[in-house]
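Observations on the model geometry
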Amino acid sequence: MPTRDRSSFYAELERQLDQARASGLYKTERVLLSRQGPEVMGDDGVLRINLCSNNYLGLSGDDELVEAGIETLKAFGYGMSSVRFICGTQSIHRALEKRLAEFLGTEDAILYAAAFDANGGLFECLLDDRDAVVSDELNHASIIDGIRLCRARRFRYAHDDMADLEAKLRDAASCRFRIIATDGVFSMDGTIARLDAICDLADRHDALVMIDDSHATGFMGRTGRGTHEHHGVMERVDIVTGTLGKALGGAMGGFTAGRKTLIDMLRQRSRPYLFSNSLAPVIVGTSLHVLDRLTASSSLRDRLFDNAVHVRAALAKMGYTLKPGTHPIIPVMVFDAPLAQQLADSLYRSGVLVTGFFHPVVPLGQARVRVQVSAAHTRGQLDRSMEAFAAAGRALGILQAG
Ligand SMILES: *Cc1c(COP(=O)(O)O)cnc(C)c1O
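Residues numbered from 1 in each chain as written. Predicted model: local features only at pLDDT ≥ 70, side-chain atom pairs only at ≥ 80, totals over all residues. Heavy atoms only, no water.

**Some words on the overall build of the protein chain**
- Each helix and strand in the protein chain was counted, giving 16 helices and 16 strands.
- Computed over C-alpha atoms, the radius of gyration of the protein chain comes to 22 Å, within 12% of the 21 Å expected from 2.2 N^0.38 for 402 residues, which places it in the range of a compact globule.
- Considering only C-alpha atoms, the protein chain reaches an extent of 70 × 60 × 50 Å along its principal axes.
- Counting all 402 residues of the protein chain, 51% fall into the buried class.
- The long-range share in the protein chain, meaning contacts at least 24 apart out of those at least 6 apart in sequence, stands at 68%. (Helix = DSSP H or I, 4+ residues; strand = E, 2+ residues; numbered from the N terminus. Rg over C-alpha atoms; globule rule 2.2 N^0.38 Å. Buried < 20%, exposed > 50% of the residue type's maximum accessible area, 1.4 Å probe, protein only. Contact = heavy atoms within 4.5 Å.)

**Topic: the packing of helix α8 (residues 162-171) against helix α9 (residues 195-204)**
- Contact geometry for α8 and α9: axes closest at 11 Å, N-to-C directions at 20 degrees. The angle between α8 and α9 places the two elements in the roughly parallel class. The way α8 lies across α9 gives a crossing that is right-handed. Counted together, M162, L165, E166 and L169 of α8 and A197, I198, L201 and R204 of α9 form the full contact between these two elements.
- Each residue belonging to the contact of α8 with α9 can be placed in one class, and the counts come to six nonpolar, no polar and two charged. (Axes fitted to C-alpha atoms, helices over the stretch in contact; angles between N-to-C directions. Parallel < 35°, antiparallel > 145°, perpendicular 65-115°, else oblique. Left-handed = near helix turned anticlockwise from the far one by under 90°. Nonpolar A, V, L, I, M, F, W, Y, C, P; charged D, E, K, R; others polar.)

**Details of unusual backbone geometry**
- In this structure, P360 follows H359 across a cis peptide bond, with omega equal to 10 degrees.
- Looking at where P360 falls in the secondary structure, it is placed in the loop between β15 (355-357) and β16 (367-372).
- Not every positive phi belongs to a glycine, and S81 is a case in point at roughly 50 degrees.
- Although it is not a glycine, D160 adopts a positive phi angle of roughly 60 degrees.
- Relative to the helices and strands, D160 resides in the loop between β5 (153-157) and α8.

**A closer look at the site of the ligand**
- Neighbouring the ligand are the residues A114, A115, F116, H140, S142, D183, D212, S214, H215, T243, K246 and G253.
- Here an oxygen atom of the ligand and a backbone polar atom of F116 are 2.9 Å apart.
- Within the contact set of the ligand, a nitrogen atom lies 3.5 Å away from a side-chain nitrogen or oxygen of S214.
- Residue composition of the shell around the ligand, by class: three nonpolar, six polar and three charged. (Near = heavy atom within 4 Å. Polar contact = N/O pair within 3.5 Å; in protein donor to acceptor, adjacent residues only side chain to side chain.)

**Some points on helix α4 (residues 91-104)**
- Over its 14 residues, α4 extends 20 Å from the first C-alpha to the last, a length consistent with the 20 Å expected when each residue adds 1.5 Å.
- When α4 is considered as a whole, its buried residues turn out to be I92, H93, L96, E97, R99, L100, A101, F103 and L104.
- Remark: G105 follows α4 within two positions and exhibits a positive phi of approximately 80 degrees. (Expected span 1.5 Å × (residues − 1).)

**Some words on the packing of aromatic side chains**
- Tallying each qualifying case throughout the model produces five aromatic pairs.
- Relative to Y273, the ring of Y112 lies with its centre 6.0 Å away and its plane at 70 degrees, an arrangement referred to as edge-to-face. Highlighted residues: Y112 in strand β3 (residues 108-112) and Y273 in helix α12 (residues 271-274), separated in sequence by 161 residues. This pair shows no difference in class: Y112 is buried, exactly as Y273 is.
- Aromatic pair F219 and F305: ring centres 6.3 Å apart, planes at 45 degrees, arrangement tilted. A residue pair is termed long-range when its members are at least 10 positions apart, and F219 in the loop between β9 (208-212) and α10 (227-230) and F305 in helix α14 (residues 299-318) qualify at 86 residues.
- On the accessibility criterion, F219 (0% relative accessible area) is buried.
- Ring-pair connections join several aromatic residues into one group, and the members of that group are Y56, F219 and F305.
- Here the guanidinium or amino end of R21 rests over the ring plane of Y26, the centre of that ring lying 4.5 Å away.
- In this arrangement the basic side chain of R48 is found over the ring face of Y348, its NZ or CZ atom lying 3.7 Å from the centre. (Phe/Tyr/Trp six-rings, centres within 6.5 Å; stacked < 30°, edge-to-face > 60°. Lys NZ or Arg CZ within 6 Å of the ring centre and 35° of its normal.)

**Quick notes on the domain arrangement of the protein chain**
- As assigned here, the protein chain comprises domain 1 (23-52 + 298-395) and domain 2 (64-296).
- Relative placement of domain 1 and domain 2: their C-alpha centres are 28 Å apart.
- Between domain 1 and domain 2, roughly 1300 Å² of surface is buried when both sides are summed, and carbon and sulfur atoms account for 60% of that area.
- Per-residue buried area on domain 1 facing domain 2 is highest for R301, H327 and I329; these three make up 39% of the total on that side.
- Where D189 meets R368, a salt bridge forms, and the shortest distance between an N and an O atom there is 2.4 Å.
- At the surface where domain 1 touches domain 2, the tally comes to six residue pairs in polar contact (both at pLDDT 80 or more).
- Going through the elements one at a time, α14, β13 (329-335) and β16 are the ones with two or more residues in the side of domain 1 that touches domain 2.
- Per-class residue counts for the side of domain 1 that touches domain 2 are nine nonpolar, three polar and five charged. (Domains from an automatic or database assignment. Buried area = accessible area lost by both parts, 1.4 Å probe. Salt bridge = Lys/Arg side-chain N within 4 Å of Asp/Glu carboxyl O.)

**Structural notes on the sheet that holds strand β6 (residues 178-183)**
- If you trace the seven strands from one edge of the open sheet to the other, you get β3-β11-β10-β9-β6-β4-β5, paired in mixed fashion. With one partner strand each, in any of the chains shown, β3 and β5 form the two edges of the open sheet. Sheet twist, expressed as the average angle between the axes of neighbouring strands with direction ignored, equals 20 degrees.
- Pairing between β3 and strand β11 (residues 254-258): five bridges, direction antiparallel. Of the residues in β11, the one forming a bridge with Y112 is G254. (Pairing = 2+ DSSP bridges.)

Here is the structure:
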């Protein structure tokens, strides 16, 4: 028997990993010993203020959610061991879909194991080669992959550029159906898509509008419904996808919301829904609790934006250059990649967790430290992290000494 020689295959993988390490793109993971929260304990036993999670409403480690989870576990068990259409749908799955639809202002909604799956299973079952998707160039990877899986023609418009979007809609004029696809909020900049202008263009060029509101559902807009509420276009957006893995408790899970007919079609045809397990009951029941809580009170949302305003003002006053905006994503622009890394490292040593981002995650020369604020941060925690920002900025020469 000849033995297979796989060494060249694994050597090639090792070569690519070495290359990633050499160029500083190799990703390492921080191991936490605590719950997710405004402060987290690393595996060095040190508690640090966490300014880099998507835990916008501070619910991820919340005691009430743990209780709601335990209650759901007792009532509905641990797993479903089935896809939805065989024997994987409990009353709470349908209840959550209805609650999400109501919350987002649509007729119905469908659950997925992740927003990645919601986007991955969307376009393919709605469009074919007679149709077009017109997509912002900075859209999330899952939207890009979802579009790749469908046979519609692809048109990419320059980020947030309404003139270019209009040009691409004209290019797509001969297609049967057109869908404009955009992130509601872009995660690297905290930029909020201009959905009012996008909906105007959709009206003029007879297109549908799809938004992925993963960085918005639960807190953007007057009652936290998302960027469509923020821009006053709740009735004009056709499809909303989003995640349960960020503001809404942060476990995992995703959804698509829209007209009943569209959701029915997804239930029939969407591959990540048909061929992947039902969302775990504990997540479903706890998400119902989260939506109840968010509709009963705006206090978490109010605290989140108070904190975001406070941190923005403090960083700007120190002399940091920020990407302007109002979202709790606050990009501290450092421009130079090694300097962004040094700032993040220095903050880490003084007890503040942030992430430095540089090319290719953001454009060349646009390196930054991204701050993400949570409703759960106390003023004390934020002020301590601002002191660390001031000291590190002066030590690294980003801010003027004095
Ligand atoms: C985080 C994110 C996702 C992925 O969400 P999951 O539920 O974790 O798969 C998809 N789209 C956008 C815009 C996101 O920010």
